[in-house]
Amino acid sequence: TSTVVVVPASSIVAVGTNSVIKDGKTQVISVVVDPEVEGTVKVIVTGEDYTFEQTYAVSELVSPIELTGLAVGEYNVEVVFTPSANYESSTADAGFTVVPKDATVITITAPSEITYGDALTVGTELSSGGELIAGDVVVVVKDAAGNVVSDLSKLDAGQYTINAAFAGDDEFAGTEA
């Protein structure tokens, strides 16, 4: 008489992330298992004040997992593949960092004094790290009473305040001047 033991075959799970993303961006996590057999994949993402844990059937992993609203900080991704009884479980991990958006500065250019009847011309430059960048800057001119002035072609004598704001975008933080 002879005995034969059939041991489970090896399995592999791999996880991929963007190693660094900016605040406000979506983190895309891809998981690949080999062989593609029935089983489950548990994905656990942890950060300082963040935990995401979800279990997926292997058949559900055709599209990447997308995480949004992540705060600035370090995150760890742990993946556990539990296949059918004929395969061994496997694990993988990855890490990523969410960094702040680049700081921005608005420079307002306007004369310090004009004569009644002259038009007020206001210019702005938006920069980050000393380099000019493109973005929508909103300029608001107010009179001494705090009323918004929309026609700068003929201002009454008096003092006016010029404010500018950039709401920010995917790459750059908002700012005001």
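The shown structure was predicted, so the numbers you read here are calculated from the model rather than taken from an experiment.

1. Points about the overall build of the chain
(1) Moving on: When helices and strands are counted, the chain shows 0 helices and 15 strands.
(2) Moving on: Radius of gyration (C-alpha) of the chain: 28 Å, far over the 16 Å computed for a compact globule of 177 residues.
(3) Moving on: Its C-alpha atoms give the chain principal-axis dimensions of about 110 × 30 × 25 Å.
(4) Moving on: Looking at the 177 residues of the chain, the share that counts as buried comes to 26%.
(5) Moving on: The contacts in the chain between residues at least 6 apart in sequence include a share of 55% that link residues at least 24 apart.
(6) Moving on: If you sum the accessible surface of the chain, you get close to 11,100 Å²; carbon and sulfur atoms cover 48% of it.
(7) Moving on: Considering the chain, the positive charge centre built from 6 side chains and the negative charge centre built from 26 side chains are found 8 Å apart.

2. Considerations on unusual backbone geometry
For residues other than glycine, phi is negative in most cases, and the peptide bonds are mostly trans.
(1) Moving on: Residues D34 and P35 are joined by a peptide bond in cis, for which omega reads 0°.
(2) Moving on: Within the element layout of this structure, P35 appears in the loop between β3 (27–34) and β4 (39–47).

3. Considerations on the packing of aromatic side chains
(1) Moving on: A full pass over the atoms with the stated rule returns 2 aromatic pairs.
(2) Moving on: The interplanar angle of 80° and the centroid separation of 5.8 Å between the aromatic rings of Y50 and Y75 together place this pair among those described as edge-to-face. Of the two residues, Y50 is situated in strand β5 (residues 50–57) and Y75 in strand β7 (residues 73–83); the sequence distance between them amounts to 25 residues.
(3) Moving on: The class for Y75 is buried, based on a relative accessible area of 9%.
(4) Moving on: Consider the rings of Y75 and F96, whose centres lie 5.0 Å apart with planes at 5°: the pair is stacked.

4. Digging into the environment of T175
(1) Moving on: Here T175 lies in strand β15 (residues 175–176).
(2) Moving on: Taking C-alpha positions, T175 is 37 Å from E78, a pair spaced 97 residues apart along the chain.
(3) Moving on: In contact with T175, other than residues within four places in its own chain, are T104, V105, I106, A164, A165 and F166.

5. Focus on the pattern of salt bridges
One side chain can pair with another of opposite charge once the charged atoms of both are near each other.
(1) Moving on: Enumeration according to the criterion identifies 4 salt bridges in this entry.
(2) Moving on: Its salt-bridge partner being K25, residue E171 comes within 3.7 Å of it at the nearest N-O pair. In this pair, E171 sits in the loop between β14 (160–166) and β15 while K25 sits in the loop between β2 (20–22) and β3, placing the two residues 146 residues apart along the sequence.
(3) Moving on: Accessibility expressed as a relative area gives 31% for E171, which makes it partly exposed.
(4) Moving on: Assessed through its relative accessible area of 28%, K25 is described here as partly exposed.
(5) Moving on: The salt bridge partner of E53 is K42, with a shortest N-O separation of 3.5 Å. Taken as a pair, E53 in strand β5 and K42 in strand β4 lie far apart in primary sequence, 11 residues in all.
(6) Moving on: The class of K42 is partly exposed, set by a relative accessible area of 32%.
(7) Moving on: Because the salt bridges share partners, they merge into one network encompassing K22, K25, D102 and E171.

6. A word on the pairing of strand β12 (residues 137–143)
(1) Moving on: Here 7 bridges tie β12 to β14, and the two strands are oriented antiparallel to one another. Residue pairing in the sheet places D143 in a bridge with Y160 of β14.
(2) Moving on: In this antiparallel pair of consecutive strands, β12 and strand β13 (residues 148–149), the connection spans 4 residues, and G146 shows a positive phi of 90°.

7. Thoughts on the side chain of T97
(1) Moving on: With respect to the helices, strands and loops of the structure, T97 is situated in strand β8 (residues 90–99).
(2) Moving on: Residue classification places T97 among the buried positions, given a relative accessible area of 18%.
(3) Moving on: In this view, T97 contacts S19, V20, I21, G73 and E74; residues no more than four positions away in its chain are not counted.

What counts, and at which threshold
Residues numbered from 1 in each chain as written. Predicted model: local features only at pLDDT ≥ 70, side-chain atom pairs only at ≥ 80, totals over all residues. Heavy atoms only, no water. Helix = DSSP H or I, 4+ residues; strand = E, 2+ residues; numbered from the N terminus. Rg over C-alpha atoms; globule rule 2.2 N^0.38 Å. Buried < 20%, exposed > 50% of the residue type's maximum accessible area, 1.4 Å probe, protein only. Contact = heavy atoms within 4.5 Å. Areas by Shrake-Rupley, 256 points an atom, 1.4 Å probe, with all protein chains shown as cover. Lys, Arg positive; Asp, Glu negative; His and termini not counted. Charge placed at Lys NZ, Arg CZ, Asp CG, Glu CD. Phe/Tyr/Trp six-rings, centres within 6.5 Å; stacked < 30°, edge-to-face > 60°. Salt bridge = Lys/Arg side-chain N within 4 Å of Asp/Glu carboxyl O. Pairing = 2+ DSSP bridges.

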